[in-house]
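Structure assessment
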Amino acid sequence: MTTPLAEVLDGQHAADLRKAARTLLKAPLLLARGRYADEFRLVRRHASELREWFDRNTGWSLQVDAETARLRKIPGVFTDATHPAREATRAAVPFTRRRYVLLCLALAALERGEAQIALGRLADQVVLDAADPQLARAGIEFTLDRRDERLDLAAVVRLLLGLGVLRRVAGDEEAYISGAGDVLYDVERRVLAGLLATRRGPSTVHAEALDDRLHELVSETALDSDELRFRAMRHSLTRRLLDDPVLYYDELTDAELGYLTRQRGFLTARITELTGLVPEVRAEGIAMVDPDDDLTDIRMPEQGTHGHITLLLAEYLAGAADAVTADQLARRVRELAAEHGGFWAKSARDPGMEAELVEQAVTRLTALGLVSRTAHGIVPRPALARYAVGDPVVLEPGTARMPAQRKAGSS
């Protein structure tokens, strides 16, 4: 029996829309050229539907033109620091506070600059702007005379190259770092203009505390009616379901939990329809599971020595009744090295490496919502039970203490 043409076209439309939406969630800034050129064309084709869905369900705005598509994502939780920007190199070193400040200063200099700029010229502008007394009072100072400072600026530039803000014309960052040369870049002004994901200019924010400043940057309107409060909760919960590995009920306010309890089916169905993510509802929370396993910036388990150690420590922590200290985990790594060290990289078996290996593992587990850091040590979260030895404990019909791993968010 031949499938009617209308059904075929509807199916293709839904598949293209889903692919476009998933690409925006994975890479909120798309260019007409490069890695996601095909997906960019799909986003342009379905821009109206995508814009309406994200605006209604998340409050994220989508801007699309002939060269760029920018989904201005706002996180559901402002205090989550587990997914930092990372240097666009194999090492993928996370950005420090100094690198973030350098990034902001570099963007300001590029905004004022011309269509081309040399790295040395950019460095000069950054040094001038870094002389601001407010930065000095905050303990931030740059001269870019030292190699480590030039390394930080090069990391910022490589991030901007990866985003498409800059295009290298001539030269190499390594030459600049060593003081042996310079680099010339084209500045993609359309991409640069689309980077800032705020609802108001930072210069209009007057709050002092960091959390208050972040909320002012993205605040939309006063929540002075039930309709606006419900809309804000829908946006926040949908953002967290899309971006966070697990949405735990104990992290919600009473109002948010009540709203989620009433609207859970609607919220998860809308996400599944657009993205293909599948809800796993458990006693402690909800995870939107990705059957294709590509909407993630962090995976568990992962191949290689660090992935193996992380998985083994996850199994150990899953069996812990209370908080586990870093020293206890380091001792456990030494025990594991005696048993599995033959399969690990030689550097992982060096004396004194335990603390670094533990930190890398705990950082990954925290980013995946599997553990929490507290003053007493590392505390396992319910989702970690999926890595425990043995069968899951069934709590009630249809629930178990074993939420599936899902993606961690991107910005």
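The following refers to the structure shown. (Residues numbered from 1 in each chain as written. Predicted model: local features only at pLDDT ≥ 70, side-chain atom pairs only at ≥ 80, totals over all residues. Heavy atoms only, no water.)

**Here we look at the sheet that holds strand S5 (residues 166–171)**
Pairing is antiparallel in the open sheet, where three strands are placed in the order S4-S6-S5. Strands with a single pairing partner mark the edges of an open sheet, and in this sheet they are strand S4 (116–118) and S5. Direction aside, neighbouring strands of the sheet carry axes that sit 25 degrees apart on average. Inspection of the sheet shows S4 paired to strand S6 (residues 183–187) by three bridges, in the antiparallel sense. Along S6, the bridge assignment pairs Ile117 with Tyr185. Docked against the sheet, helix H5 (residues 119–129) engages S4 and S6, running at close to 80 degrees with respect to S4. (Pairing = 2+ DSSP bridges. Helix = DSSP H or I, 4+ residues; strand = E, 2+ residues; numbered from the N terminus. Axes fitted to C-alpha atoms, helices over the stretch in contact; angles between N-to-C directions. Contact = heavy atoms within 4.5 Å.)

**Observations concerning the environment of His83**
Looking at the element boundaries, His83 is found in the loop between strand S3 (68–72) and helix H4 (97–112). Taking the C-alpha atoms as reference points, His83 and Phe95, twelve residues apart in sequence, are found 9.9 Å from one another. Only 3.3 Å separates the side chain of His83 from the side chain of Thr82, close enough to count as a polar contact. (Polar contact = N/O pair within 3.5 Å; in protein donor to acceptor, adjacent residues only side chain to side chain.)

**Let's talk about the pattern of salt bridges**
Summed over the entire model, instances satisfying the criterion amount to 30 salt bridges. When the shortest N-O distance is used, the salt bridge between Asp290 and Arg22 registers 3.1 Å. You can see Asp290 sitting in the loop between strand S9 (285–289) and helix H13 (305–318) and its partner Arg22 sitting in helix H1 (residues 5–26), a full 268 residues away along the chain. Per residue, the accessibility class of Asp290 equals that of Arg22, and both read buried. Where salt bridges share partners, they join Glu87, Arg98, Arg99, Arg146, Asp148, Glu149, Asp152, Arg158, Arg168, Glu173 and Glu174 into one cluster. (Salt bridge = Lys/Arg side-chain N within 4 Å of Asp/Glu carboxyl O. Buried < 20%, exposed > 50% of the residue type's maximum accessible area, 1.4 Å probe, protein only.)

**Details of the packing of aromatic side chains**
Per the stated rule, a full pass over the model turns up four aromatic pairs. Taken together, a centroid distance of 5.4 Å and an interplanar angle of 85 degrees make the contact between Trp53 and Phe54 edge-to-face. For Trp53, a relative accessible area of 6% translates into the label buried. Each ring, one from Phe230 and one from Tyr259, has its centre 5.9 Å from the other, and the planes form 25 degrees; the classification is stacked. Placement of the pair is Phe230 in helix H11 (residues 226–243) and Tyr259 in helix H12 (residues 254–275), with a sequence separation of 29 residues. Every member of this aromatic cluster is reached through a ring pair, and the members are Trp53, Phe54 and Trp60. Over the ring of Phe95 we find Arg99; its NZ or CZ atom is 5.9 Å from the centre of that ring. A cation over a ring is seen here: Arg381 above Tyr248, with NZ or CZ 4.0 Å from the ring centre. (Phe/Tyr/Trp six-rings, centres within 6.5 Å; stacked < 30°, edge-to-face > 60°. Lys NZ or Arg CZ within 6 Å of the ring centre and 35° of its normal.)

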